[in-house]
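Per-entry structural report
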Amino acid sequence: MRFLIAPTSRTTGRALERLVKERGATKGEVCYGVRSADGDALNARAGGSKLLQLQMLQRANVPVPPLRLAAPSEEDFGLWPVWYARRAQHHGGTDIAVACQADEAAWRLQAGWAYFTARIPIMREVRVWATAGRLGVHHLGTFSKDMANPAAFRRTGRNNKNGFAFNVIPKADIPRDAVSITQRALEALGLDFGATDMVEDYDGAWRVLEVNTAPGSAPSHDGRARQCVRLLADHITNWSKTL
């Protein structure tokens, strides 16, 4: 059993590897946030460009925020007043730059940003862990992303460094539409597991911001994400034993 693990998720990836091997799995290759040329590897299509991911989801009719490769037009700004300039590769939202009018967007492109997504007014944001493909369709857990430390909100983006924390959503309150869209997203990207970051707007519509192919299980997840890792380890072990 071989694991390929992204440097940004080494702690969770190593924990998953340890759990799988403790369960007796010996065969197969698992990609945790890293692509593999071996098409037989589990999650071989992990990692890669976030822009390409959004484009693939869009082509598969999975709901994502409005996306532009060129600078958004004045008409675009009339519909969506704020646009985020993004890098093709990014982690933790540190690449986000704001454009509030068309000429600012054009300048962002000249300064090296790759594409734009419209800012969605957010009613709530969730992360859904799930499996698909060769691991079968399973929901592992859903978390809300909530403000825990407003004093840390110094940058654009909802993540742990900006004061947000993940809190488990009780089974009875899990948004089933978000779980269903997560499965569609994993299938569209050819993934065997992942965790989608999704937002619900004030009209009740869900959109996928990204699919994490190496989700972390940091303390900000209130400890429950570790249960997701254990469940994922069970499914990977079962897959390995069929090889």
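Treat the numbers as computed from the prediction; the structure is a model and nothing was measured. (Residues numbered from 1 in each chain as written. Predicted model: local features only at pLDDT ≥ 70, side-chain atom pairs only at ≥ 80, totals over all residues. Heavy atoms only, no water.)

Quick notes on the overall build of the protein
Looking only at helices and strands, the protein has six helices and 11 strands in total. Its C-alpha radius of gyration of 18 Å places the protein within 12% of the 18 Å reference for a compact globule of 243 residues. Taking the principal axes of its C-alpha atoms as reference, the protein extends roughly 60 × 35 × 30 Å. Residue burial in the protein is summarised as follows: out of 243 residues, 51% are buried. The long-range share in the protein, meaning contacts at least 24 apart out of those at least 6 apart in sequence, stands at 65%. (Helix = DSSP H or I, 4+ residues; strand = E, 2+ residues; numbered from the N terminus. Rg over C-alpha atoms; globule rule 2.2 N^0.38 Å. Buried < 20%, exposed > 50% of the residue type's maximum accessible area, 1.4 Å probe, protein only. Contact = heavy atoms within 4.5 Å.)

Points about the sheet that holds strand β10 (residues 193-200)
Taken together, the five strands give an open sheet; going across it, the order is β9-β8-β7-β10-β11, and neighbouring strands pair in antiparallel fashion. Two strands lie at the open edges of the sheet, namely β9 (164-168) and β11 (206-212), each paired on one side alone. On average, adjacent strands in this sheet sit at an angle of 30 degrees to one another, irrespective of strand direction. Looking at chain direction, β10 and β11 are connected through six bridges and run antiparallel. Counted as the bridge partner of Val199 is Arg207 from β11. Packed onto the sheet, helix α5 (residues 176-189) meets β7 (124-131), β8 (138-147), β10 and β11 and runs at close to 55 degrees relative to β7. (Pairing = 2+ DSSP bridges. Axes fitted to C-alpha atoms, helices over the stretch in contact; angles between N-to-C directions.)

Re the sheet that holds strand β4 (residues 83-86)
The strand order across the open sheet formed by four strands is β3-β6-β4-β5, and the pairing between neighbours is antiparallel. Of all the strands in the sheet, just β3 (67-68) and β5 (97-99) have a single pairing partner and so form its edges. Pairing of β3 with strand β6 (residues 115-118) involves two bridges; the strand directions are antiparallel. Across the sheet, the residue bridging to Leu67 is Thr117, located in β6. Here helix α4 (residues 102-110) sits on the sheet and contacts β4, β5 and β6; the angle it forms with β5, its principal contact strand, is near 145 degrees.

Notes on the packing of helix α2 (residues 50-59) against α5
Packing of α2 against α5 leaves a shortest axis separation of 9 Å and a crossing angle of 110 degrees. The orientation of α2 with respect to α5, classified from their angle, is roughly perpendicular. Note on packing geometry: the crossing formed by α2 with α5 is right-handed. Together, Gln53, Met56 and Leu57 of α2 and Ala185, Ala188 and Leu189 of α5 make up the contact between the two elements. Counted by class, the contact of α2 with α5 contains five nonpolar, one polar and no charged residues. (Parallel < 35°, antiparallel > 145°, perpendicular 65-115°, else oblique. Left-handed = near helix turned anticlockwise from the far one by under 90°. Nonpolar A, V, L, I, M, F, W, Y, C, P; charged D, E, K, R; others polar.)

Concerning the packing of aromatic side chains
If you walk through the whole model with that rule in mind, you get three aromatic pairs. Ring centres of Phe153 and Phe164 lie 5.9 Å apart, and the angle between their planes is 75 degrees; on these two criteria the pair is classed as edge-to-face. Placement of the pair is Phe153 in the loop between β8 and β9 and Phe164 in strand β9, with a sequence separation of 11 residues. The class of Phe153 is partly exposed, set by a relative accessible area of 44%. Judged by relative accessible area, which is 7%, Phe164 ranks as buried. Lying across the ring of Trp113, Arg87 places its NZ or CZ 3.9 Å from the centre. In this structure, Arg108 is placed above the aromatic ring of Trp113, and the distance from its NZ or CZ to the ring centre is 5.5 Å. (Phe/Tyr/Trp six-rings, centres within 6.5 Å; stacked < 30°, edge-to-face > 60°. Lys NZ or Arg CZ within 6 Å of the ring centre and 35° of its normal.)

Remarks on the pattern of salt bridges
Taken as a whole, this structure holds 12 salt bridges when the rule is applied. Here Arg86 ties to Asp95 by a salt bridge, and the two come within 2.8 Å at their closest N and O atoms. According to the relative accessible area criterion, Arg86 is buried, its value standing at 13%. Residue Arg134 pairs with Asp192 through a salt bridge whose shortest N-O separation is 2.9 Å. Pair noted here: Arg134 is in the loop between β7 and β8 and Asp192 is in the loop between α5 and β10, with a separation of 58 residues, a long-range link. (Salt bridge = Lys/Arg side-chain N within 4 Å of Asp/Glu carboxyl O.)

Here's the deal with the pairing of strand β2 (residues 29-32)
Residues Glu29 and Cys31 of β2 are buried on one face, and the alternating residues Val30 and Tyr32, pointing to the opposite face, are buried as well. Bridge analysis of strand β1 (residues 2-5) against β2 gives four bridges, and the strand direction is parallel. Looking across to β2, one finds that Ile5 is bridged to Tyr32. You can see the chain leave β1, run along helix α1 (residues 10-22) and come back into β2, and the turn it takes is left-handed. (Right-handed = clockwise from strand over helix to strand, strands pointing away.)

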